[in-house]
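The chain contents come next:
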Amino acid sequence: MAATVKAGISASLTGQFATQGQQALAGLSAWVDYVNDQGGLTVAGEKRPVTLVSYDDGSTADATRRATERLITDDKVDLLFGPYSAGLTTAAAEVAETHGRVVWNHGGAGDAHYARGFRKVISVLTPADQYLVGAPQLVRHANPEASRLVILRIDTGAFARLVARGAETAAHELGFTTALDLRYRPTQVSFTEIARHVAEQEPDLVVSVGRIRHDLGTARALARLPNRNNIGLAVVIAAPIGGFEEALGGSADGFVGPSQWEPAFSIPTPDVGPDAAEALRMLNDAAENAGVPIDYPMAQAMAAGLVAERCVAVAGDLDDDALLGVAVDADFTTFYGRFKIDESGRQIGRSVALIQRQNGRKVVVWPQELAEGELQYPF
């Protein structure tokens with residue numbers, strides 16, 4: 001009997017990232033089922049079954065470090081997958097770096113691990129500083145006179161800084177000016193007061209970047225403004241997640257947010273793995289089995305598995321350095337999109353789409369070639 005390949009993941013099954021962590025684990029489990037249904041993972045021409053080991057990191061960096069250490073030293077996993085969130089991914093990368101291990105990164109869009117010189121983090125998702133580069137173009141397309149930008153963000157964490165910087169840079173290149181750049185402490189904030197300041201600026205574009213609970217608080221306050229139409233467009237990072245509409249109800253309509261993946265822009269006939277229809281069926285089944293709504297963390301985790309699978313097949317073994325070399329040279333598509341990284345492991349082959357909440361559903365509105373409908377403007 002062929003030796004088993006062990007895959008491992010630190011997943012947030014509790015804590016602030018519980019929903020996304022559960023979705024990521026379900027997505028990676030869907031990949032394991034897919035591989036095994038195909039007869040196993042191809043290693044040096046031999047099909048080997050895959051098993052998945054996971055630990056709950058509680059959405060904390062310390063627990064992520066412990067879980068990652070355990071996966072490497074105790075379980076001796078062959079393929080190490082990172083957790084959800086930029087901060088936890090960096091924590092996992094710290095441990096992996098000391099062991100010379102590759103981290104297959106499906107959930108961390110920040111750049112802290114690259115800034116610290118970690119060069120074995122292979123990312124499938126678009127970096128944070130590219131999340132909202134299309135937002136100024138989207139607004140300018142709807143309103144050629146648009147020029148006033150407001151940025152709202154928490155003052156902790158690299159993710160918010162990167163997203164905001166990317167959006168502001170893209171806006172300034174189009175001639176926008178920053179009317180307000182408001183940074184707030186996560187524990188000391190009045191969203192009602194923030195919304196009032198925003199409305200006073202009469203901005204053409206508002207960009208809000210916080211953790212999920214902060215984005216929900218900001219969105220609720222903006223939606224309650226009596227002069228809501230003074231805002232051209234409100235872009236909130238959390239707008240695409242399932243919990244956004246649950247929290248805001250009908251008030252969710254009009255908000256725009258970035259999405260790494262939507263079923264509407266899956267690759268129909270990818271180079272690697274199942275086609276879009278089959279992948280969506282598998283993800284739906286995995287979501288139902290896990291009792292979570294289907295969303296982008298599932299697709300990202302499944303895609304990371306497919307990328308690792310392809311790299312193992314090409315490398316012919318499970319050596320981390322060999323896999324990294326193959327990944328750096330690779331250029332192919334999965335249902336999730338194009339996979340191409342630079343020498344640091346940063347994803348450069350794909351871009352983020354923008355969706356708008358319209359009449360209780362998500363509609364892709366940018367880029368234009370992927371748009372399912374027209375932007376509803378103003379906000």
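Residues numbered from 1 in each chain as written. Predicted model: local features only at pLDDT ≥ 70, side-chain atom pairs only at ≥ 80, totals over all residues. Heavy atoms only, no water.

Novice: It is not clear to me how the environment of Ala3 should be interpreted in this structure. Could you clarify?
Specialist: Tracing the backbone through its elements, the reader meets Ala3 in the segment before β1 (5-11). A relative accessible area of 43% means that Ala3 is categorised as partly exposed. Along the primary structure Ala3 and Arg48 are separated by 45 residues, whereas in three dimensions their C-alpha atoms are 6.1 Å apart. Among residues more than four places away in sequence, those in contact with Ala3 are Arg48 and Pro49. (Helix = DSSP H or I, 4+ residues; strand = E, 2+ residues; numbered from the N terminus. Buried < 20%, exposed > 50% of the residue type's maximum accessible area, 1.4 Å probe, protein only. Contact = heavy atoms within 4.5 Å.)

Novice: It is not clear to me how the packing of helix α10 (residues 276-290) against helix α11 (residues 296-315) should be interpreted in this structure. Could you clarify?
Specialist: The contact between α10 and α11 brings their axes to 11 Å, and the two run at 115°. Note on packing geometry: the crossing formed by α10 with α11 is right-handed. From α10, Ala279, Met282, Leu283, Ala286 and Ala287 reach across to α11, where they touch Met298, Ala299 and Met302. Per-class residue counts for the contact of α10 with α11 are eight nonpolar, no polar and no charged. (Axes fitted to C-alpha atoms, helices over the stretch in contact; angles between N-to-C directions. Left-handed = near helix turned anticlockwise from the far one by under 90°. Nonpolar A, V, L, I, M, F, W, Y, C, P; charged D, E, K, R; others polar.)

Novice: Please explain helix α3 (residues 86-99) as it appears in this structure.
Specialist: The periodicity of an α-helix, 3.6 residues per turn, causes residues three or four positions apart to be oriented the same way. With 14 residues, α3 extends 20 Å from end C-alpha to end C-alpha; this agrees with the ideal 20 Å at 1.5 Å per step. Of all 14 residues making up α3, ten are buried, and the element is well covered by its neighbours. Three or more residues of α3 are buried, namely Ala86, Leu88, Thr89, Thr90, Ala91, Ala92, Ala93, Glu94, Val95 and Ala96. Buried residues along α3 sit in contact with α2 (61-74), β5 (79-81), β6 (103-105), α4 (112-115), β7 (121-123) and α6 (158-173). N-cap assignment for α3: the residue whose side-chain oxygen lies 3.2 Å from the backbone N of Leu88 is Ser85. (Expected span 1.5 Å × (residues − 1). Polar contact = N/O pair within 3.5 Å; in protein donor to acceptor, adjacent residues only side chain to side chain.)

Novice: Where do I start with the pairing of strand β16 (residues 361-366) in this structure?
Specialist: Look at any regular strand and the pattern is simple: side chains alternate between the two faces of the sheet. Across five bridges, the pairing between strand β15 (residues 353-358) and β16 is antiparallel. For Gln358, the partnering residue across the bridge sits in β16 and is Arg361. Following β15, the chain reverses through two residues before pairing antiparallel with β16; Asn359 in that reversal takes a positive phi of roughly 50°. (Pairing = 2+ DSSP bridges.)

Novice: Would you mind going over the side chain of Ser10 with me for this structure?
Specialist: If you trace the backbone, Ser10 turns up in strand β1. Side chain to side chain, Ser10 and Asp57 meet in a polar contact 2.8 Å long. If sequence neighbours within four positions are ignored, Ser10 has contacts with Tyr55, Asp57, Thr64, Ala67, Thr68, Leu71, Phe81, Gly82 and Pro83.

Novice: I would appreciate a short explanation of the side chain of Asn143 in the present structure.
Specialist: Within the fold, Asn143 resides in the loop between α5 (135-142) and β8 (148-154). Setting aside chain neighbours within four positions, we find Asn143 in contact with Asp204 and Tyr377.

Novice: Can you walk me through the environment of Gly254 in this structure?
Specialist: Mapped onto the elements, Gly254 comes out in the loop between α9 (242-248) and β12 (256-259). Taking the relative accessible area as the measure of exposure, Gly254 reaches 6% and is therefore buried. Gly254 sits 76 residues away from Thr178 along the chain, and the two C-alpha atoms are 22 Å apart. With residues up to four places along the chain from it excluded, the contact list for Gly254 reads Arg228, Leu233, Ala234, Gln356, Arg357 and Phe379.

Novice: Explain the pattern of salt bridges here, please?
Specialist: As a working rule, side chains carrying opposite charge can pair if their charged atoms are close by. Across all of its chains, the model carries 15 salt bridges by this definition. Among the salt bridges present, the one from Asp181 reaches Arg183, with a minimum N-O distance of 3.3 Å. Judged by its relative accessible area of 33%, Asp181 is partly exposed. One network of salt bridges, in which partners are shared, links Asp62, Arg65, Glu94 and Arg116. (Salt bridge = Lys/Arg side-chain N within 4 Å of Asp/Glu carboxyl O.)

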